[in-house]
Amino acid sequence: MPTPIHTPAPRDRRRGPVAMTAAAASLAIALMAGCSGPQAAVGDERVEGGTIVYGHLQEPPCIFGGWVQQAYLSRQVLDSLVSLEDDGTVVPWLATDWTVSGDQRAWTFTLRDDVTFTDGTALDAQAVSDNFEYWLDGGNGTVQAYLADYYESSRAVDATTLEVTLSAPYSPLLTVLSQGYFGIQSPTALARGNEANCEQPVGTGPFTVAGWKRGESVTFERNDDYNSAPANARHDGPAYVEGIEWRFLPDATTRYGSLVSGETDVIYDVPSIEWATAGEHFEVQRYITPGRPVALSFNTVEGPFVDERVRQAFAFASDRKAIVETVFRGAVPFEGNGSVSQGTSNYNAEVADAYPYDPDRAAELLDAAGWTATDAAGYRTKDGEALEVVIPYGAGSILTQEGSAVLQAIQQQVKEVGFKVTLIPVTQSELFGGAYSQPDERDIYVGYWTSPTAGILHINYRHHLPESPNGANSTFYNDDELLALIEGANGTTEPSEQERLFAEAQQLISDRAVAVGLYTQTTSLAVGQQLRDVWLEASQGEPVFHDAYFVQ
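Colleague: Would you mind going over the environment of Asp-367 with me for this structure?
Modeller: Structurally, the position occupied by Asp-367 is in helix H12 (residues 359-368). Under the relative-accessibility criterion, Asp-367 is labelled partly exposed at 39%. C-alpha separation for the pair Asp-367 and Val-310, spaced 57 residues apart in sequence, amounts to 9.5 Å. Excluding residues that lie within four positions of it along the chain, Asp-367 makes contacts with Thr-372 and Arg-380. Polar side-chain contacts of Asp-367 include one of 2.6 Å to the side chain of Arg-380.

If you want it as structure tokens, here you go:
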């Protein structure tokens, strides 16, 4: 039976507003240096050609792969089978039509017959089947996380007919395929090996990779023969611009300043302190990414959070909502649901309010869990050991400067009820190399997982077992009841039943305090007035430049 959820006590206003940490304050001061001024007015006359200079935050290790930052890049080069409308409707792309068998296991896709990869290889059913085999054979870990438990085989029935056979019904399949991870690559190019494909994937998309200066930029050139835009594109045919210079500008002040000075035409991740000002001088776009939000995922198998009461205590011990609102200044919404983010289909909104700030309740839970004594520094102790919590986090990769400030504020506030939190910033290379991935290395994992479906729960809560490890199960939480709910939801095509099952799964995760939310993973863009029709696609907010053009 689930642990009964708490009865929240009235919020203690005596503690006053959340104070920003010194680091957060320093960040705010630094970002203020980038205050923008008005841009010169431009007209609406389209200018032929030109190169878009785009300022981005993170530089991934490869242009193609399983991290959303890689999908942002590969989207410019690779087309997918389907695309997603803003209302969740799946529309044709390389696949013009599809059907599914009565048992929901055999999917048949009809492909376009007039598309060629930029290396001259024909796009046909065998090429797409080769991509499925490549992904599931280790070519893309995120695709494996989605499909390994469902994919059985694929085959080319003829040149334009692809049949994909699943081992069990998987209703989110089409929605999942709309993400950039599922971009189709030339099988000829795949045969070159991982190193070449990492640097220069080859697809049928609107651009090709012309070069990559590590630590600086990726250069894309227009594919003049492009003829396979998705059904929801704003125009057919080649891109209007001649190319993209994709610069990596990790510092928020520098990135925003580059837009103000005109060095870039568009930037990603607008600093929160500049969000309101940016809206006055630039076109701003914000996309609340569906999937799992940025959340605190507790280690349920080792350390103090094995005890559910201690997990609940930590959740009550900080005013996460106020901290997020203070740090992000309204530019990024608070998300209390730790398993599925707002904006995701079948989101359970009731879960988001489960753990309000209630330090008295947190103290009661710690008392009940046996953490009754206090040392000279004010930390709770049990059997002579302090209540110490280790939180490693991807600094500059998974979390921005503002995300780091959120953790620092939480660290400060939970100290009031006796938690000693040690924050460990981890570099991108360390993190992707496996640092702090084991149960004895961390007490809380901080991260997100973008996905257009609540089926993300299957990735994050499929059992983690010695014979079948699941690296995406960041809580190491194995629960047969939870897994049955998720598998039932993934397997049904009845919308009301799917909604009920996904809602119950989110409720169970919340009741047992396996994870609690912080804020939505959010994509934001600021676009200069000289550039039009940059847009964010709907599956996970990948920037689309194929339709963009300059004006004067």
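From this point, the narrative continues.
Colleague: Where do I start with the packing of helix H11 (residues 320-328) against helix H13 (residues 401-414) in this structure?
Modeller: The relative placement of two packed helices is expressed as an angle between their axes plus a distance between the axes. At a minimum axis separation of 9 Å, H11 and H13 run at an interaxial angle of 140°. Classified by the angle their axes make, H11 and H13 are oblique. Two packed elements cross with a definite hand, and for H11 against H13 that hand is right-handed. Side by side, H11 and H13 meet where Arg-320, Ile-323, Val-324, Val-327 and Phe-328 of the first sit next to Glu-402, Gly-403, Ala-405, Val-406, Ala-409, Ile-410 and Gln-413 of the second.

Colleague: Help me understand helix H17 (residues 495-511), please; the structure alone is not making it clear to me.
Modeller: What sets the pattern is the α-helix's 3.6 residues per turn: residues three or four places apart point alike. Taking 1.5 Å of rise per residue, the 17 residues of H17 would be expected to cover 24 Å, and the 24 Å separating its terminal C-alpha atoms lies within 8% of that figure. Turning to H17, its buried residues number three or more, namely Gln-498, Leu-501, Phe-502, Ala-505, Gln-506, Leu-508, Ile-509, Ser-510 and Asp-511. Next to the buried residues of H17 lie helix H10 (308-316), helix H15 (456-461), helix H16 (480-491) and strand E21 (515-519). The first or second residue beyond H17 is Ala-513, which carries a positive phi of 50°.

Colleague: Teacher, can you tell me more about the pairing of E21 here?
Modeller: Regular strands show a simple pattern: their side chains alternate between the two faces of the sheet. Among the 5 residues that make up E21, 5 are buried, leaving the element largely enclosed by the rest of the structure. In this structure, strand E14 (residues 291-298) lies alongside E21, joined through 4 bridges in antiparallel fashion. Pairing of Ala-295 across the sheet is with Gly-517, part of E21.

Colleague: Before we go on, may I ask you to explain the environment of Ala-526 in this structure?
Modeller: Turning to its location among the elements, Ala-526 is positioned in strand E22 (residues 522-527). Ala-526 gets classed as buried once you look at its relative accessible area, which sits at 0%. Residues Ala-526 and Glu-85 lie 441 residues apart in sequence; the distance between their C-alpha atoms is 22 Å. Beyond its immediate stretch of four places on either side in the chain, Ala-526 contacts Leu-259, Asp-265, Val-266, Ile-267, Val-270, Phe-282, Glu-283 and Val-284.

Colleague: Is there a simple way to explain H11 in this structure?
Modeller: Along H11, the residues classified as buried are Arg-320, Ala-322, Ile-323, Val-324, Val-327 and Phe-328. Tucked inside the fold, the buried residues of H11 contact H10, H13 and E21.

Colleague: Before we go on, may I ask you to explain the packing of aromatic side chains in this structure?
Modeller: To describe a pair of aromatic rings, you give the distance between the ring centres and the angle between the ring planes. Using the criterion set out here, one finds 21 aromatic pairs in the structure. The interplanar angle of 80° and the centroid separation of 5.6 Å between the aromatic rings of Phe-305 and Phe-314 together place this pair among those described as edge-to-face. For the pair formed by Phe-305 and Phe-314, the shared burial category is buried. One aromatic cluster is present, formed by Phe-132, Trp-135, Tyr-146, Tyr-151 and Phe-182 through successive ring pairs. Here the guanidinium or amino end of Arg-46 rests over the ring plane of Tyr-549, the centre of that ring lying 4.2 Å away. Over the ring of Trp-212 we find Arg-214; its NZ or CZ atom is 3.6 Å from the centre of that ring.

Colleague: Please clarify how unusual backbone geometry should be interpreted in this entry.
Modeller: One non-glycine residue, Phe-476, lies in positive phi territory at about 60°. Position of Phe-476 among the secondary structure elements: in the loop between H15 and H16. Overall, Phe-476 belongs to the buried group, its relative accessible area being 7%. Despite not being glycine, Ala-513 shows a phi value in the positive range, around 50°.

Colleague: What should I look at first to understand the side chain of Thr-400 in this one?
Modeller: Looking at the element boundaries, Thr-400 is found in the loop between strand E18 (388-394) and H13. Ignoring anything within four residues of it in the chain, the contact list for Thr-400 reads Leu-57 and Asp-269.

Colleague: Teacher, can you tell me more about the pattern of salt bridges here?
Modeller: Side chains that carry opposite charge are capable of pairing whenever their charged atoms lie near each other. Counted by the stated rule, this structure contains 20 salt bridges. One salt bridge connects Asp-533 with Arg-234, and the closest N-O pair in it is separated by 3.1 Å. Of this pair, Asp-533 sits in the loop between strand E23 (531-532) and strand E24 (535-536) while Arg-234 sits in the loop between strand E10 (217-222) and strand E11 (243-248), and the two are 299 residues apart along the sequence. Residues participating in the shared-partner salt-bridge network are Asp-479, Glu-481 and Arg-512.

Criteria and thresholds
Residues numbered from 1 in each chain as written. Predicted model: local features only at pLDDT ≥ 70, side-chain atom pairs only at ≥ 80, totals over all residues. Heavy atoms only, no water. Helix = DSSP H or I, 4+ residues; strand = E, 2+ residues; numbered from the N terminus. Buried < 20%, exposed > 50% of the residue type's maximum accessible area, 1.4 Å probe, protein only. Contact = heavy atoms within 4.5 Å. Polar contact = N/O pair within 3.5 Å; in protein donor to acceptor, adjacent residues only side chain to side chain. Axes fitted to C-alpha atoms, helices over the stretch in contact; angles between N-to-C directions. Parallel < 35°, antiparallel > 145°, perpendicular 65-115°, else oblique. Left-handed = near helix turned anticlockwise from the far one by under 90°. Expected span 1.5 Å × (residues − 1). Pairing = 2+ DSSP bridges. Phe/Tyr/Trp six-rings, centres within 6.5 Å; stacked < 30°, edge-to-face > 60°. Lys NZ or Arg CZ within 6 Å of the ring centre and 35° of its normal. Salt bridge = Lys/Arg side-chain N within 4 Å of Asp/Glu carboxyl O.

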